[in-house]
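Spelled out, the chains give:
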Amino acid sequence: MNGLKVASGCLAFMVGLGTATATSVMPVALSDAVGQADTVVQARVDRVETSWGFHLGEAAIVSRVWLRDEVVLKGKRLGSLQLFGGQLGDERMTLEGQPELREGEQVFLLVLDDEVQCPFVGIWQGVYKVVERRVVREGRPVLVEGAETSTTS
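A short tour of the structure in this document, coming up. (Residues numbered from 1 in each chain as written. Predicted model: local features only at pLDDT ≥ 70, side-chain atom pairs only at ≥ 80, totals over all residues. Heavy atoms only, no water.)

**Concerning the pairing of strand β10 (residues 134-137)**
And step 1. Here strand β9 (residues 127-131) runs beside β10; their pairing, made up of three bridges, is antiparallel. Each residue of the ladder has a partner; that of Val130, found in β10, is Val135.
And step 2. As consecutive antiparallel partners, β9 and β10 are separated by two residues, and within that stretch Glu132 has a phi angle of approximately 50 degrees, a positive value. (Pairing = 2+ DSSP bridges. Helix = DSSP H or I, 4+ residues; strand = E, 2+ residues; numbered from the N terminus.)

Have a look at this one:
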């Protein structure tokens, strides 16, 4: 069911008495994240443009992330993504846990096609960055280019 996929892939908000409380995001194994993703690409962030726009039908600060050198590993070419949040002057909107993509970064993105709060599988779990030839997530190396890998039972 798409509703379950959306709920597991993005941060949900519960509204009560005028306040929003974030729920937890379940850890997703890489193989499961790739399986959940509609699109998986390796690309370089070309530019990021922040402006007022609409996100899920509501007025919000949004950031358009333009990609270049895109290699499609699953799904389709993205070209660009619109993300909730960013900063305009003194006003800032953020989605807790959503990675910030910066111009010039090389990234692997695991993306959901559904219109959701965050397009990345498991929010931060769908974004990997390449730093000094190492694939990292949340600053921790995931894979070193040219390293031998082994499997254990």
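Let's pick the thread back up.
**Let's talk about the pairing of strand β5 (residues 80-84)**
And step 1. Summarising burial for β5: four of the five residues are buried, a large majority.
And step 2. The pairing of strand β4 (residues 58-74) with β5 spans five bridges and is classified as antiparallel. Across the sheet, the residue bridging to Arg64 is Gln82, located in β5.
And step 3. Here β4 folds back onto β5 in antiparallel fashion, the turn holding five residues, of which Gly75 has a positive phi close to 85 degrees. (Buried < 20%, exposed > 50% of the residue type's maximum accessible area, 1.4 Å probe, protein only.)

**Focus: the layout of surface pockets**
And step 1. Here the largest pocket is characterised by a volume of approximately 280 Å³.
And step 2. Around the largest pocket sit 17 residues that line it, and Ser63, Gly85, Gly86, Arg92 and Glu100 are the ones nearest its centre.
And step 3. Counting only elements with at least two residues in the lining of the largest pocket, the list comes to β3 (39-55), β4, β5, β6 (86-88) and β7 (91-93).
And step 4. Its residues assigned to classes, the lining of the largest pocket comprises eight nonpolar, seven polar and two charged.
And step 5. If you go around the second largest pocket, you meet 14 residues; those closest to its centre are Leu112, Asp113, Asp114, Glu115 and Pro119. (1 Å grid on protein atoms, 1.4 Å probe; cavity = no way out; pocket = protein on both sides within 12 Å on 5 of 7 lines; lining within 4 Å. Points joined across faces, edges and corners; volume = space filled by probe spheres on them. Nonpolar A, V, L, I, M, F, W, Y, C, P; charged D, E, K, R; others polar.)

**Some thoughts on the environment of Val127**
And step 1. Tracing the backbone through its elements, the reader meets Val127 in strand β9.
And step 2. With 16 residues separating them along the chain, Val127 and Val111 place their C-alpha atoms 8.7 Å apart.
And step 3. The contact partners of Val127, leaving out residues within four places of it in the chain, are Pro99, Leu101, Phe108, Leu109, Phe120 and Arg137. (Contact = heavy atoms within 4.5 Å.)

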